[in-house]
Amino acid sequence: MNISTILDMAAEAFGDRIGVVCGDERMSYTELRETAYAAAQRIKASGAQYLVLLDVNSPAATVAVFAAAYADVPYVPLNYRLTPTEINELIERASPAYLITSAELRAKIQPRDDMTVVDRSEVLAEQAPEDAPPPEVGDDPRAVAVQLFTSGTTGKPKAAILRHENLMSYIVGTVEFAAADEDDAILVTVPPYHIAGISSVLSSTYACRRVVQMPNFDAAEWLRLCAQERVSNAFLVPTMLQRIVEHLDASGTKPELPALRALAYGGGKMPQTTIARAMQLFPNVDFTNAYGLTETSSTVAVLGPDDHREAAASSDPYVQKRLGSVGRATGAVEIQIRDDDDRPVGVDVPGYVFVRGPQVSGEYKQQGSQLDSEGWFPTRDRGWLDRDGYLYLEGRADDVIVRGGENISPGEIEDVLLTHPAVADVACVAMPDEQWGEAVAAAVVLKDGASASVEELQTLVRGKLRSSRVPQAIVFKDALPYSETGKLLRRVVRQEFAAT
Amino acid sequence: MANTALKAGGRFKSAVSDVQIMVIKAPAGEHALGCGGVPMLGGSETAPEGVQMDAADSGETLIGKRYVNEDESLELLCTKGGKGTLSLNGTALEVKQAKQLPSSD
């Protein structure tokens, strides 16, 4: 079992179809395969044991995913926004490496005797001759296909391991081969080092859907590319959709994107106001919310287009609020909620989210497998399942505020504060407190020109929730800190309150 | 008919057509995997001389389809399509009906 089978099948069935587009560059599945063959030979000849990518999205990233698989070495895409010190520490942990990069990023790398560094353009310039014998590919399902460094909140980044069997199970279990029409295209804006960046390469290639790459996200450019490439599908993290909505509202224009049929989003909490407004701006588009983690080979739960429409049209508050859920488990995995003592809980009861299935690796290189004896992976997310199996997330277990022994989920307080008409964004975090150990603190961003007092916001929470939930400290900010892939950096907010 | 142990990740090709498959899931023990009524070939095996497809088993096997036995203890992915019905221990396999999910990435 080897993920290179995915490209082999696409090239076999639709060799001439364009598989990837980036700027002026276009490559068919046959060209992608021949380029990946040639790169795999170079990797093998170099003696490298890892293929490292330090680059923005380009066709070389697509080639790299498969070249590593053909060469039987793990693919290790690195976050190019890290500092040179951080990057070189990660390279040390993926050595000896064959490293693909670009002229701009090359300066961040310290030369090493055991490392071969090549430019993206060199990789794309070389194709194996059409009659060259295919590489001998290993079929060990346990071989490591991808090693991703997770953005740990404390300590060194962990190296999450995804084996060929995990990724193949994910693709075969959730994607229909060659399901895309010849005219379909997906616009990819997530960077190559994000799990969604890798799964989009695999899913789209297996569906034989053309990938349009956008190396740096910008709302106006996203709309222009959608129109120019007649994009049918797109995946966005919440902050990107938010910027597109804001851009459209600020310019007062309606999007003219007749080809656009489906927008998927995930990777962080989507503000209800953003998704509701997006559904108004794109009335003919199918919205899908996807929940997944690096350690689960991407998506494990999906809130599909019908769920969105049903929730939006329902008069039952229980169904209405599903717009804020991440949907139901895909057929390929099971989801369970457990309490503090590791016992499964009932419907509508919050606890810890566990996931099980063949796509779930739940494994780190140094720390080993995190699966329990029955194969369940503790995601460290908190949430609950409703009576029909819809999963609601409350946030990370690490983000829970423990006030006098009581566990408080920041999400429930944030949801209340966001109902205030003046509040644009909010983050609730723990702050040190002499009496309670921890207390609730809130960083609030107000809408342009709007105002609200600390007392007013405290009163709002007191009216809706228990008094223990009322933020003891509230500060007003111009913006909250987010990662480039849309994750709220609670750690940064926490540090600010810890310092006061 | 020689029986072989099947394991996830294993690849087999038809002795009588272009069909190639990859094992996704397999039952324990040794089994006979067939295509077109003739045993399939593992890694470096070559087709015995003179083998022919059984006319009764000459249905089309399609690339990208998953094939399963009745209790779904065996699941194969067709990685290259062609003539010849897939079978396990002489019983024809069926196409697995996949639940269509909306594209999420």
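Quantities reported herein were computed from a predicted structural model and do not represent experimental measurements.

So, how was this worked out
- Residues numbered from 1 in each chain as written.
- Chains lettered and ligands numbered in written order.
- Predicted model: local features only at pLDDT ≥ 70, side-chain atom pairs only at ≥ 80, totals over all residues.
- Heavy atoms only, no water.
- Helix = DSSP H or I, 4+ residues; strand = E, 2+ residues; numbered from the N terminus.
- Rg over C-alpha atoms; globule rule 2.2 N^0.38 Å.
- Areas by Shrake-Rupley, 256 points an atom, 1.4 Å probe, with all protein chains shown as cover.
- Buried < 20%, exposed > 50% of the residue type's maximum accessible area, 1.4 Å probe, protein only.
- Contact = heavy atoms within 4.5 Å.
- Pairing = 2+ DSSP bridges.
- Domains from an automatic or database assignment.
- Buried area = accessible area lost by both parts, 1.4 Å probe.
- Salt bridge = Lys/Arg side-chain N within 4 Å of Asp/Glu carboxyl O.
- Polar contact = N/O pair within 3.5 Å; in protein donor to acceptor, adjacent residues only side chain to side chain.
- Nonpolar A, V, L, I, M, F, W, Y, C, P; charged D, E, K, R; others polar.
- 1 Å grid on protein atoms, 1.4 Å probe; cavity = no way out; pocket = protein on both sides within 12 Å on 5 of 7 lines; lining within 4 Å.
- Points joined across faces, edges and corners; volume = space filled by probe spheres on them.
- Axes fitted to C-alpha atoms, helices over the stretch in contact; angles between N-to-C directions.
- Parallel < 35°, antiparallel > 145°, perpendicular 65-115°, else oblique.

A. Highlighting the overall build of chain B. A count of helical and extended segments in chain B gives 0 helices and 14 strands. Moving toward the C terminus, one meets the helices and strands of chain B in the order β-β-β-β-β-β-β-β-β-β-β-β-β-β. Radius of gyration (C-alpha) of chain B: 13 Å, near the 13 Å computed for a compact globule of 105 residues. For chain B, the C-alpha atoms occupy an extent of roughly 50 × 30 × 25 Å along the three principal directions. For chain B, the exposed surface amounts to about 5400 Å²; the carbon and sulfur share of it is 48%.

B. Just the overall build of chain A, in detail. Per the secondary structure count, chain A includes 16 helices and 26 strands. The C-alpha atoms of chain A give 23 Å as radius of gyration, which agrees with the globular expectation for 500 residues (23 Å, within 12%). By its C-alpha atoms, chain A is 75 × 50 × 45 Å across when sized along the principal axes. Evaluated residue by residue, chain A yields a buried proportion of 55% over its 500 residues. Counting only contacts in chain A whose residues sit at least 6 apart along the sequence, the fraction spanning at least 24 positions is 66%. Total accessible area on chain A stands at roughly 20900 Å², and carbon and sulfur atoms take up 48% of it.

C. View of the sheet that holds strand β12 (residues 86-88) of chain B. Residue and element names in this part refer to chain B. Spatially, 4 strands are ordered β6-β5-β12-β13 in an open sheet, and the strand pairing comes out antiparallel. Each of the sheet's edge strands pairs with one partner strand only, and the pair in question is β6 (38-39) and β13 (91-92). In this sheet, β6 lies alongside strand β5 (residues 33-35) in antiparallel orientation, the contact comprising 2 bridges. By the bridge assignment, C35 is partnered in β6 with V38.

D. Molecular detail of the pairing of strand β20 (residues 377-385) of chain A. All names here are of chain A. The buried count for β20 comes to 7 of 9 residues, which makes it a mostly enclosed element. One ladder, built from 4 bridges, connects strand β17 (residues 351-356) with β20; its direction is antiparallel. The residue of β20 that forms the bridge with G351 is G383. Looking at chain direction, β20 and strand β21 (residues 391-396) are connected through 5 bridges and run antiparallel. Paired with R382 across the bridge in β21 is G395.

E. Layout of unusual backbone geometry. Between S95 of chain A and the following residue, P96 of chain A, the backbone shows a cis peptide bond with an omega angle of 0°. Relative to the elements of secondary structure, P96 of chain A occurs in the loop between α4 (84-92) and β5 (97-101). A positive phi angle, close to 60°, is found at D72 of chain A, a residue other than glycine. Of note, D72 of chain A is situated in the loop between α3 (59-71) and β4 (75-77). Taking relative accessible area as the criterion, D72 of chain A reaches 37% and is therefore assigned partly exposed. Positive phi is not limited to glycine here, since N89 of chain B has a value of about 50°. Counting through the fold element by element, N89 of chain B comes out in the loop between β12 and β13.

F. Quick look at the domain arrangement of chain A. Residues and elements named next belong to chain A. On domain assignment, one finds that chain A holds domain 1 (4-306), domain 2 (307-398) and domain 3 (400-499). Taking only C-alpha atoms into account, the centre of domain 1 sits 35 Å from that of domain 3. Tallying the contact residues gives 10 residues for domain 1 and 7 residues for domain 3. A combined buried area of about 850 Å² lies between domain 1 and domain 3, and 52% of that area is made up of carbon and sulfur atoms. Seen at the junction of domain 1 and domain 3, the total is 1 salt bridge. In this structure, the connection of domain 1 to domain 3 is made through 2 residue pairs in polar contact (both at pLDDT 80 or more). In the side of domain 1 that touches domain 3, the residues fall into 3 nonpolar, 5 polar and 2 charged.

G. Highlighting the layout of surface pockets. Roughly 860 Å³ of volume is contained in the second largest pocket. If you trace the second largest pocket, you find 28 residues lining it, with D8, P134 and P135 of chain A together with R11 and Q20 of chain B closest to the centre. Counting residues per element, the ones that place at least two in the lining of the second largest pocket are α1 (4-14) and α2 (29-46) of chain A together with β2 (11-13), β3 (20-25), β7 (41-42) and β10 (75-80) of chain B. Of all the elements, α1 of chain A adds the most residues to the lining of the second largest pocket, at 5 residues. Of the residues belonging to the lining of the second largest pocket, the class tally is 11 nonpolar, 7 polar and 10 charged.

H. Looking closely at the packing of α3 of chain A against helix α8 (residues 195-207) of chain A. Residue and element names in this part refer to chain A. For the pair α3 and α8, interaxial distance at closest approach is 10 Å and the crossing angle is 85°. Considering their axes alone, α3 and α8 lie roughly perpendicular with respect to each other. Counted together, T62, V65 and F66 of α3 and V201, L202 and T205 of α8 form the full contact between these two elements.

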